[in-house]
Amino acid sequence: MTPHPHPTSSLEPVPQLDLAAQYAAIGGEIRAAVERVMVSQQFVLGREGAALEEEIAKLCGVAQGVGVASGTDALMLALRACGVQAGDEVLLPPFTFVATGSAISALGAKPVFADIRPETYNIDPTELERRVTPRTRAIVAVHLYGLAADMDPILAFARARKLPVIEDNAQAIGASYKGRRTGSHGDAGCLSFYPTKNLGAYGDAGMVVTNSADLAVHLRTLRNHGQTGKYVSSEPGWNSRLDEMQAAILRVKLRHLAKWQRARQSHAAEYNRLFSQIPGVMPPIAPEGYEHVYHQYTIRVEYRDALQKFLTDRKIGNSVYYPEPLHLQPLYASLGHKKGDFPHSEKAAQEVLSLPIYPELRKEQIARVAEAVAKFLKC
Ligand SMILES: Cc1ncc(COP(=O)(O)O)c(C=O)c1O
């Protein structure tokens, strides 16, 4: 019998993410791109960044992209460009990475939380009505794990009140909602190219995408010390420029993104198939009209902490995104929230577990993960 090219022993670790496998496949292209930047000796605001801005804008189906230093900066600068100032209130879900909140806080604005829908983990549009006040100045909708928030009712709510909508698209590049890509629905879409993201740089990087030419001009000023001409600064800004090395690397990876996305979707379908036979596991859902890009494949189970230990003991990668919702973080103690304020976010934080879903994952590894989950649930 011919041995399987990748025999999976029951002891072989399954990592949560394997960027080394990705580098093994595309390392030659990456090194050529880095070399190109070295030869050009142009490291900031050059050709690579400009080309990446065009390519990402095209992918998101919008007119403009503005490269910045991180996803957090993308959010902060987009909020600022949309007029958010100190003392304003900004609506956001509490079940997200802290950066969504800290971008608001960095402007001196106040995060005001609106709970999530338990089945999608994204902001519940009906909650916006309960939380809006005369001081509300913007809404941030997060597309968590690679699935879009329900944008139509969010946009209808925002338009009726003339509030800008910023999409935190850090986890959902390439996803779509009702036929249009995430990032193209609101006034601005914010991307993170943090190394572990579906499109990850070799360091920090981010981008704001928008259909508004005015907003893009403003963002270009803000990311470069508020300069409107050479050594003429017209408003407070700071340095949040995307460097050329990262842009060149991202352009290489962008050529592979659609293929990687299909691989993630096919792995998710395989997990879904296996989990459909295991009672007690709630797999992620992708409602009709949504294309999920599975930045994370996140299940929900009742005894999550025990399952996490069980998988870790068997060297199966897993992570909890996120164990504490923002309203219960020490950072936001001054907002005076308590347990029970946002029950869906709190319950999700106790029950979610993200399993390995990177493109290079093999079918037998998926089977091993699912078998281990099944074994735990039978215990
Ligand atoms: C939902 C969300 N928002 C914002 C960010 C911030 O991005 P960055 O780490 O590039 O600053 C991240 C990722 O880290 C994220 O997952």
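See above for the structure.
Reading guide: rules and limits
Residues numbered from 1 in each chain as written. Predicted model: local features only at pLDDT ≥ 70, side-chain atom pairs only at ≥ 80, totals over all residues. Heavy atoms only, no water. Phe/Tyr/Trp six-rings, centres within 6.5 Å; stacked < 30°, edge-to-face > 60°. Helix = DSSP H or I, 4+ residues; strand = E, 2+ residues; numbered from the N terminus. Buried < 20%, exposed > 50% of the residue type's maximum accessible area, 1.4 Å probe, protein only. Lys NZ or Arg CZ within 6 Å of the ring centre and 35° of its normal. Core = buried A, V, L, I, M, F, W, Y, C linked by side-chain atoms within 4.5 Å. Salt bridge = Lys/Arg side-chain N within 4 Å of Asp/Glu carboxyl O. Contact = heavy atoms within 4.5 Å. Polar contact = N/O pair within 3.5 Å; in protein donor to acceptor, adjacent residues only side chain to side chain. Axes fitted to C-alpha atoms, helices over the stretch in contact; angles between N-to-C directions. Parallel < 35°, antiparallel > 145°, perpendicular 65-115°, else oblique. Left-handed = near helix turned anticlockwise from the far one by under 90°.

A. Seen up close, the packing of aromatic side chains. Counted according to the given criterion, the structure contains 14 aromatic pairs. Judged by centre distance (5.7 Å) and plane angle (0 degrees), the ring pair of Tyr 271 and Phe 275 falls under stacked. One end of the pair, Tyr 271, and the other, Phe 275, are both in helix H8 (residues 244-275), four residues apart, so they sit about a helical turn from each other. Comparing Tyr 271 with Phe 275 shows no difference in burial state: the two are buried. Arg 161 extends its terminal NZ or CZ atom over the ring of Phe 157, reaching a point 3.8 Å from the ring centre. Taking NZ or CZ as reference, Arg 314 lies 3.5 Å from the ring centre of Phe 310, over its face.

B. Structural context of the nonpolar core. In terms of nonpolar packing, the biggest core is built from 38 residues, with Phe 95, Tyr 271, Phe 275, Tyr 297, Ile 299 and Leu 355 touching the most fellow members. Among the secondary structure elements, those contributing two or more residues to this core are H8, strand S13 (297-300), helix H9 (304-313), helix H10 (343-351), strand S14 (352-355) and helix H11 (363-378). Counting residues per element, this core draws most heavily on H11, at seven residues. Listed in part, the 31 residues of the second largest apolar core include Leu 79, Leu 92, Ala 216 and Tyr 332.

C. Geometry of the pattern of salt bridges. Enumeration over the complete set of coordinates arrives at 22 salt bridges. We note a salt bridge from Asp 152 to Lys 178, for which the minimum N-O separation is 3.1 Å. With Asp 152 in helix H6 (residues 151-160) and Lys 178 in the loop between strand S6 (176-177) and strand S7 (180-181), this residue pair connects regions lying 26 residues apart in the sequence. Relative accessible area serves as the criterion here: at 38%, Asp 152 is assigned to the partly exposed category. The class of Lys 178 is partly exposed, set by a relative accessible area of 49%. The closest approach of N and O atoms between Lys 309 and Asp 313, which form a salt bridge, is 2.9 Å. Note that Lys 309 and Asp 313 are positioned in helix H9 at a spacing of four residues, about one turn of the helix.

D. Structural context of the environment of Leu 307. Inspection of the secondary structure assignment puts Leu 307 in helix H9. C-alpha of Leu 307 to C-alpha of Gly 206: the two residues are 101 residues apart in sequence and 34 Å apart in space. Setting aside residues up to four positions removed in sequence, Leu 307 forms contacts with Ile 299, Val 301, Leu 353, Val 373 and Phe 376.

E. Local environment of the side chain of Glu 351. Locating Glu 351 in the fold gives a position in helix H10. Among the polar contacts made by the side chain of Glu 351, one reaches the side chain of Arg 300 at a distance of 3.0 Å. For Glu 351, the residues in contact, after removing those within four places along its chain, are Ile 299, Arg 300, Val 301 and Arg 304.

F. The arrangement of the packing of helix H3 (residues 71-81) against helix H4 (residues 98-106) in detail. Where H3 meets H4, the axes come as close as 9 Å, and the angle between the chain directions of the two elements is 45 degrees. With respect to H4, the element H3 is oriented oblique. H4 is crossed by H3, and the crossing has right-handed handedness. Counting all contacts with H3, which are made through Thr 72, Leu 75, Met 76 and Leu 79, the residues of H4 involved are Ala 99, Thr 100, Ala 103, Ile 104 and Ala 106.

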